[in-house]
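A structural walkthrough
Here is what each chain is made of, one letter per residue.
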Amino acid sequence: MPRVAPMSSPPSPPPGPGTAPSADRSRRAPRPGRPRRGAVLLAAAVLLPLPLLAGCSGGGEEEDDAGPPAPRDIAAVPRAKVADRSTLTWAVDALPATYNAFQADADAATQRVAGAVLPTLFTLDERGRPQRDPDYLVSAAVTQRRPRQVVVYKLNPKAVWGDGNAITAADFEAQWKALRGKDSAFWAAHNAGYDRIDRVERGANDREVKVTFAKSLADWPALFTPLYPKSVMAGGGAFNDSLRKEAPQAAGPFQVAARDDKQGTLTLARNPRWWGDPARLEKLVLRAVPREQRVEALASGRADLAELTPAAAERIMKVTAAPKEKSDKDGHSPGLTGSRSPVTPPAGHPSVVGSPSAPGGRARPDGSRLDGANKPAAADVTALRGLVVRKSLEPAYTQLALNAASGPLADERVRRAIARAVDRKALAEYVLTPLGLPAAPLGSHLLVAGQPGYEDNSDAVGSVDPHAAMALLTDAGWKEGHGAGPAKKADGGGMPGAGNGKGDDGDEDDGDGGGGDDQSNAGAVADGKAGHGAAYDNGGKAGAAPARFKDGKKLVLRLLLPKGSGAEPLRAVGERIARQLDAIGVRTELVAVDDGGFFKDHIASGDFDLALYGWPTGPFPATEARPVFAKPQPAADGSLVVEQNYTRVGTDQIDRLFDQASTELDADTARDLVGRVDARIWAVAASLPLYQRPELVGVRRTVVNAGAFGLASPRYQDIGFER
């Protein structure tokens, strides 16, 4: 069951101009029967193209009994302690482009509205486990496995749409027919799961739904969420067009009441026909607020809750954290969030890179200013005292992606060398520890720590070991540059903004691998220009090794990064990776590109060597993650159909294991299969999960039952202000 519904924002990218060779062109239309998973540009906290259905143990040890390393942080209180009939304003990136969560341009706001106004048959608990929602389901179970899987849903007899009509089997049948992929009149983003259904029919009565599958589906709880009324699923016109402008009939604690595009607000009001616990809020207002303006919006009262960048969160924490405040017996400091004490990021940390803290009060990316030694201006202190930052880890992670389509990274030995050189633990600590969050590196591509079935499978590629990495490079034919002679210059592969292979003085690198220009200006980023060297500054333990050459060509890889004002954290991580690769003789060009073209023009088209971006995870990895790691398939015109596998490498074994896991109805066996497929993905060494994404949410101190939800679904009817 998706934490956010099937699609994320913005729409899947159209073909970009990229420079990938014709044999590796990607067709980015989804294959029938496959979901599309929502990629995440983690630096800017922006959900980018594609959908979503839905520190480690040390290699193979299951974590089933362990909860999330960072639990949700929402100031949970009983409903009786929540004030009645108030209004809360929630900052979003933009108002929904459509109210249809199954369209390609559904965005994060679409999912937020759907969660508050439409049926969600299964919600997620604190460990990300699907739980039947009794407001909609009396029961839901597999009643038959052979010869065909049958699932029977018994609906809550009180459940009705906003027009008073009962929620019945007819709504389920209409949604299946719209999403199964057999009717081109419906412009659905995907049909995963629905394409496996043979029929949907009325059971013993209208409140019982019988679903018979043509092919078994382990992830059946992901279906029919959100559920739409048959009135908007019965025809392509309503499905494709009407839902772009008009909200559907509500069947949740809220309904859409008003939209003001000029003011950038969407107002949700209590649903008078709601049969469950009534919403404590009278109104829930979604307001479009740019991320760089959110601290000001919170301070001025234009917003009560807003997701923040690390720099913006730090600004609030510096005001709300009292250095002399005593912690309680559990070590919790009520001055920050009531859940854990703040940790001030050091200078140069990714949460403050690009957000100067030096004396002089230089401007920060979020528009604030700092006076003296990283202290907030006096005006901030008064305005921000009523705010807190709630923190957790999202069900999403940052990865280093390696494009295996061509060039040096087409050789698995080179990819494995990169994997053995990157110190994932150091990077996780660098990003998360100063934020007061657990900092273990992520050990899985398919699940995050705390989710059932999570295990660390990274031993399939090996632990960090620069010496082993250098041996792999040597075995692949990339020798140290001593005596290699002048190197053939890397020209950036035609990539916009690529480095020109020259030092700051304009002289060409002499390619002797012994230092010189190779040890200057490491990690600098300026519209694609980057130095190739400098000390590997992970504790100062290593410096740049001699450059590697093969057939007279230096081993240089382009590391793609976004260059927007919100991307400083990701660029700081990229600079650290560049220094780690220097230590094994691999030089990097840090290529910064506009955020808007990061996916469309580069990642989706294959125009990169290395890149930092992320993926969400959900409770149904066998269904959700397959398109990301499936083996690319050749098309009739010679191009490569990559789905969402932008690393452009996979194996038949990975595909077989995904298929087995998606049809296995025994939960323990399915988890074992998911672990096996993850180990094979690690062995391919094309995607290196680094760390979970920090979830930082600024809220008014009186807001309860909302904040950093972690792996859990929001319960909208319980959100409000403390009495």
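Residues numbered from 1 in each chain as written. Predicted model: local features only at pLDDT ≥ 70, side-chain atom pairs only at ≥ 80, totals over all residues. Heavy atoms only, no water.

Take the overall build of the protein next. Looking only at helices and strands, one finds 16 helices and 27 strands in the protein. Evaluated residue by residue, the protein yields a buried proportion of 59% over its 723 residues. Summing over all exposed atoms, the protein offers an accessible surface of approximately 26400 Å²; the carbon and sulfur share of this is 48%. (Helix = DSSP H or I, 4+ residues; strand = E, 2+ residues; numbered from the N terminus. Buried < 20%, exposed > 50% of the residue type's maximum accessible area, 1.4 Å probe, protein only. Areas by Shrake-Rupley, 256 points an atom, 1.4 Å probe, with all protein chains shown as cover.)

Attention shifts here to the pattern of salt bridges. Under the counting rule described, the total for this entry stands at 36 salt bridges. D277 is the salt-bridge partner of R715, the closest N and O atoms lying 2.9 Å from each other. Pair noted here: R715 is in the loop between strand 26 (703-704) and strand 27 (720-721) and D277 is in the loop between strand 11 (265-270) and strand 12 (281-288), with a separation of 438 residues, a long-range link. Looking at R715, the relative accessible area reads 35%, which means it is partly exposed. Close ionic contact of D465 with R420 constitutes a salt bridge, the shortest N to O distance being 4.0 Å. In this pair, D465 is assigned in the loop between helix 9 (424-432) and helix 10 (466-475) and R420 in helix 8 (residues 412-421), connecting sequence segments 45 residues apart. Connected through shared salt-bridge partners, D93, R291, R294, E307, E394 and R693 make up one network. (Salt bridge = Lys/Arg side-chain N within 4 Å of Asp/Glu carboxyl O.)

Time to look at the packing of helix 8 against helix 10. Where helix 8 meets helix 10, the closest approach of the two axes is 8 Å, and the angle between their N-to-C directions is 165°. In this view, helix 8 runs roughly antiparallel relative to helix 10, as classed from their interaxial angle. In the crossing of helix 8 with helix 10, the sense of the turn from one axis to the other is left-handed. Residues R413, V414, R416, A417, R420 and A421 of helix 8 lie in contact with helix 10, whose contacting residues are P466, A468, A469, L472, L473 and D475. In terms of residue class, the contact of helix 8 with helix 10 is made up of eight nonpolar, no polar and four charged. (Axes fitted to C-alpha atoms, helices over the stretch in contact; angles between N-to-C directions. Parallel < 35°, antiparallel > 145°, perpendicular 65-115°, else oblique. Left-handed = near helix turned anticlockwise from the far one by under 90°. Contact = heavy atoms within 4.5 Å. Nonpolar A, V, L, I, M, F, W, Y, C, P; charged D, E, K, R; others polar.)

Strand order in this open sheet of three strands is 17-18-19, and the pairing throughout is antiparallel. Only two strands of the sheet have a single partner each, and these edge strands are strand 17 (479-480) and strand 19 (553-554). Of the strand pairs in this sheet, strand 17 and strand 18 (residues 548-550) are connected by two bridges, and their pairing is antiparallel. The residue bridging K479 from the neighbouring strand is F549, located in strand 18. (Pairing = 2+ DSSP bridges.)

Turning our eyes to something else, we now look at the sheet that holds strand 9 (residues 208-213). The four strands are arranged 6-7-9-8 in an open sheet whose pairing can be described as antiparallel. Looking along the sheet, the strands with just one partner apiece sit at the ends: strand 6 (137-144) and strand 8 (197-202). Strand-to-strand twist across the sheet, computed as the mean angle between neighbouring axes with direction ignored, equals 15°. Note: strand 7 (residues 150-155) against strand 9, five bridges, orientation antiparallel. If you follow Y153 over to strand 9, its bridge partner there is V209. Across the sheet, helix 2 (residues 169-179) touches strand 7, strand 8 and strand 9, and the angle it forms with strand 8 is around 160°.

Our focus in this paragraph is the pairing of strand 12. Pairing of strand 3 (residues 86-92) with strand 12, which is carried by seven bridges, proceeds in the parallel orientation. Bridge pairing in strand 12 places L88 opposite L284. Note: strand 11 against strand 12, five bridges, orientation antiparallel. The partner of T265 across the bridge, within strand 12, is R287.

In this structure, N705 sits in the loop between strand 26 and strand 27. Those residues within four positions of N705 in sequence are excluded, and the remaining contacts are I74, A75, A76, V77, V82, D718 and I719.

Below, the discussion takes up the layout of surface pockets. Taken as a whole, the second largest pocket spans an internal volume of roughly 600 Å³. Put simply, the parts of the chain that give the lining of the second largest pocket at least two residues each are helix 13 (621-624) and helix 16 (667-684). Broken down by element, the residue count for the lining of the second largest pocket peaks at four residues, all from helix 16. A class-by-class count of the residues in the lining of the second largest pocket yields 16 nonpolar, four polar and six charged. (1 Å grid on protein atoms, 1.4 Å probe; cavity = no way out; pocket = protein on both sides within 12 Å on 5 of 7 lines; lining within 4 Å. Points joined across faces, edges and corners; volume = space filled by probe spheres on them.)

If you roll a probe as big as a water molecule over the atoms, it shows you where there is empty space left. Here the second largest cavity defines a volume of roughly 80 Å³. What lines the second largest cavity is F629, N645, T647, V649, G650, I654, I681, V684, A685, A686 and S687. Taken together, the residues that form the lining of the second largest cavity break down as seven nonpolar, four polar and no charged.

All right, on to helix 10 then. For helix 10, the complete set of buried residues consists of A469, M470 and L473. Burial along helix 10 is one-sided: seen end-on, the buried residues are contained in an arc of 95°. The outward face of helix 10, more than 90 degrees from its buried face, is lined by the exposed residues H467 and D475. Along its buried surface, helix 10 packs onto helix 8 and strand 18. (Arc of directions from axis to C-beta.)

Core analysis: the largest hydrophobic core is formed by 71 residues, its most contacted members being W90, Y153, I167, F172, I197, F224 and F254. Of all the elements, helix 2 adds the most residues to this core, at six residues. Here F224 is in contact with P119, L121, Y153, F172, Q175, W176, Y194, I197, V200 and V211, once residues within four sequence places are set aside. One finds V422, L473, L590 and Y691 within the second-largest nonpolar core, a separate group that totals 62 residues. (Core = buried A, V, L, I, M, F, W, Y, C linked by side-chain atoms within 4.5 Å.)

Here R146 and P147 are connected by a cis peptide whose omega angle stands at -5°. Structurally, the position occupied by P147 is in the loop between strand 6 and strand 7. For the bond running from T225 to P226, omega is -10°, close enough to zero to count as cis. Checked against the element boundaries, P226 lands in the loop between strand 9 and helix 3 (230-233). With a phi close to 65°, R85 is a non-glycine residue in the positive phi region.

A separate point is the side chain of R207. One can find R207 in the loop between strand 8 and strand 9. Comment: no salt bridge for buried R207; closest opposite-charge side chain is D206, at 7.2 Å. Among the polar contacts listed, one links the side chain of R207 to the backbone oxygen of A159, at a separation of 2.9 Å. Not counting the four nearest positions on each side in its chain, R207 is found in contact with Y153, K154, L155, N156, P157, K158, A159, V160, A166 and I167. (Lys, Arg positive; Asp, Glu negative; His and termini not counted. Polar contact = N/O pair within 3.5 Å; in protein donor to acceptor, adjacent residues only side chain to side chain.)

Quick look at the packing of aromatic side chains now. Here the structure, examined in full by the defined rule, presents 19 aromatic pairs. A ring pair is formed by F102 and Y194, whose centres lie 6.5 Å apart and whose planes are at 90°; its orientation type is edge-to-face. Pair noted here: F102 is in the loop between strand 3 and helix 1 (108-117) and Y194 is in the loop between helix 2 and strand 8, with a separation of 92 residues, a long-range link. Residue classification places F102 among the buried positions, given a relative accessible area of 1%. By relative accessible area, which is 2% here, Y194 ends up buried. Between W274 and W275, the ring centres sit 4.6 Å apart and the planes meet at 40°, which makes this aromatic pair tilted. Like W274, the residue W275 is buried in the burial classification. The aromatic ring of W176 is capped on one face by R180, whose charged end is 4.7 Å from the ring centroid. If you follow R576 out to its NZ or CZ, it ends over the ring of Y430, 3.8 Å from the centre. (Phe/Tyr/Trp six-rings, centres within 6.5 Å; stacked < 30°, edge-to-face > 60°. Lys NZ or Arg CZ within 6 Å of the ring centre and 35° of its normal.)

In short, the description is geometric, and any link to function would need to be established separately.
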